[in-house]
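Below are the chains, spelled out letter by letter.
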Amino acid sequence: MAVAQVLLLAAVLLRCSSAVPACPQSCTCQSPDLLNCSSSGLTFVPQHIPDSVTELDLSDNLLDSVTISRRQDQLRNVWLGNNRITRLSLCLERSLGGRYVTGRRLHHSSGPWQKRRCVPWARTLQLLSVERNQLEQLPEGLQSCESLQVLQLSFNRISTLRPQDFSNLQQLKELNLKHNLLTSLHPQTFVGLSQLQVLDLSFNMLTSLHPSMYLSLHNIGAHVKLAGNKWKCDCSMRSLRRWMGYDSSRGLHAWNVVCASPSILSGRDLLHLEEDDLNCFTTENRPESHQSVKVFSGSEILLSCSAQGNSQQAKNISHILHITLHALLYHSECMLMVSVP
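Remember, it's a predicted structure, so these values are computed and weren't measured experimentally.

**Student:** Lay out the packing of aromatic side chains with the relevant residues and their values.
**Tutor:** If you walk through the whole model with that rule in mind, you get three aromatic pairs. Between F166 and F190, the aromatic rings sit 5.9 Å apart at their centres with planes inclined by 25 degrees, giving stacked as the arrangement. Pair noted here: F166 is in the loop between β10 (150-152) and β11 (174-176) and F190 is in the loop between β11 and β12 (198-200), with a separation of 24 residues, a long-range link. Classification of F190 as buried rests on a relative accessible area of 3%. Ring centres of Y214 and W255 lie 4.7 Å apart, and the angle between their planes is 70 degrees; on these two criteria the pair is classed as edge-to-face. With Y214 in helix α2 (residues 211-219) and W255 in the loop between α3 (238-249) and β14 (300-306), the pair connects residues that are 41 residues apart, well separated along the chain. The exposure class assigned to Y214 is buried, which follows from its relative accessible area of 0%. The buried category is assigned to W255, whose relative accessible area is 3%. One residue, R132, lies across the ring of F155, its end atom 3.9 Å from the ring centre.

**Student:** Explain the sheet that holds strand β13 (residues 223-225) to me, and be specific about the residues and the numbers.
**Tutor:** Spatially, β1-β2-β3-β4-β9-β10-β11-β12-β13 is the arrangement adopted by the nine strands of the open sheet, whose pairing is mixed. The open sheet has two edge strands, β1 (28-31) and β13, and neither has a second partner. The sheet shows a mean angle of 10 degrees between the axes of neighbouring strands, taken without regard to direction. In this sheet, strand β2 (residues 34-36) lies alongside β1 in antiparallel orientation, the contact comprising two bridges. Its bridge partner being in β2, T28 is matched across the sheet by N36.

**Student:** Requested: an account of the pattern of salt bridges, with residues and values cited.
**Tutor:** Per the counting criterion, the structure on display carries six salt bridges. Between D73 and R71 there is a salt bridge, with the nearest N and O atoms lying 3.3 Å from each other. The closest approach of N and O atoms between K232 and D234, which form a salt bridge, is 4.0 Å. Given a relative accessible area of 40%, K232 falls into the partly exposed group. A relative accessible area of 12% places D234 in the buried class.

**Student:** An account of the packing of α2 against α3 is needed here, citing residue identities and associated values.
**Tutor:** Orientation of α2 relative to α3, taken along the N-to-C sense of each, is 30 degrees, at an axis distance of 8 Å. Considered as vectors, α2 and α3 are oriented roughly parallel to each other. For the pair α2 and α3, the contacting residues are P211, Y214, L215 and H218 in the first and S239, L240, W243, M244 and D247 in the second. Considered class by class, the residues forming the contact of α2 with α3 number six nonpolar, two polar and one charged.

**Student:** For the nonpolar core, give the residues involved together with the corresponding values.
**Tutor:** In this structure, L128, F166 and F190 are the most contacted members of the largest nonpolar core, which totals 67 residues. Those elements that place two or more of their residues in this core are α2 and α3. If one sorts the elements of this core by residue count, α2 sits on top with three residues. Leaving out residues up to four positions away in the same chain, F190 has contacts with L161, F166, L175, L185, L199, L201, M213 and L217.

**Student:** Could you give me a rundown of the side chain of Q152, with the residues and numbers involved?
**Tutor:** Inspection of the secondary structure assignment puts Q152 in strand β10. Note on Q152: relative accessible area 16%, which makes it buried. When sequence neighbours within four positions are dropped, the list of residues in contact with Q152 reads L128, S129, V130, E131, E174 and N176.

Definitions and cut-offs
- Residues numbered from 1 in each chain as written.
- Predicted model: local features only at pLDDT ≥ 70, side-chain atom pairs only at ≥ 80, totals over all residues.
- Heavy atoms only, no water.
- Phe/Tyr/Trp six-rings, centres within 6.5 Å; stacked < 30°, edge-to-face > 60°.
- Helix = DSSP H or I, 4+ residues; strand = E, 2+ residues; numbered from the N terminus.
- Buried < 20%, exposed > 50% of the residue type's maximum accessible area, 1.4 Å probe, protein only.
- Lys NZ or Arg CZ within 6 Å of the ring centre and 35° of its normal.
- Pairing = 2+ DSSP bridges.
- Axes fitted to C-alpha atoms, helices over the stretch in contact; angles between N-to-C directions.
- Salt bridge = Lys/Arg side-chain N within 4 Å of Asp/Glu carboxyl O.
- Parallel < 35°, antiparallel > 145°, perpendicular 65-115°, else oblique.
- Contact = heavy atoms within 4.5 Å.
- Nonpolar A, V, L, I, M, F, W, Y, C, P; charged D, E, K, R; others polar.
- Core = buried A, V, L, I, M, F, W, Y, C linked by side-chain atoms within 4.5 Å.

Put into structure tokens, the structure is as follows:
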């Protein structure tokens, strides 16, 4: 009887140990805290991640999606760089009313119908790196990771950020979005990120920046990187130029905004330009070199002249002409753009 009990116990232990391996296949458990599955040719995420793991490295694989079937309450740092991920969800469960979906299984609850919400598979996540993938939007459920401190999303295809995307990430210190496809930013996008220290927006497709964004980020002392964008240095940048100039005069660090257009200003730092250089009426964005206007005799017209060239040439040529023609009882006013050859 004693021998049979020993054999039964051994069989149970063997079955349990084989059902939940201490270290998943193709991975190395260098310590109880670190599960290293990088450069292993994986096409899916190992499902039996030990509960003790705080760091998970899945970089340099062949993943096109990430599915984790149960909560990892100890997980702090996750690396997913250099994969093929097109869409990433940080949600373990999605609740639709009283029904809870986990994987492919459907559970019913007696609670009232609720709004869709995300139950994250790593609620205490502090670092998430998804660099060099094919993401076209931010990870789903990002707002549920309220402990997140570092978010690395460079070298993806993200083109849009919404004002509420980062609203719950009060602990975020570093946000890396360089080499994406961002064309514009809402003024409220980064409001409330009081802990933010580094924001990298370099090498996107940005053409302008709202002054309120400059003020909110500058007031918290964030280091903002903007190199390699498509800044259009026209009259819409005057307010930003004033604030940058004000900070520079006080000895404070101002952002590095280098113009990409118009061509006459290409390569020049916005802070080094005069306000008169930031003009929305240039011959470059008007196809005709000459325009004509029909006026009545005796009317009054207002002509605004502008020319390409260096700053001094523009100042010499750009001026307002008041021309009064005679012999009429009629009065009108208009704006005419003329270019001087």
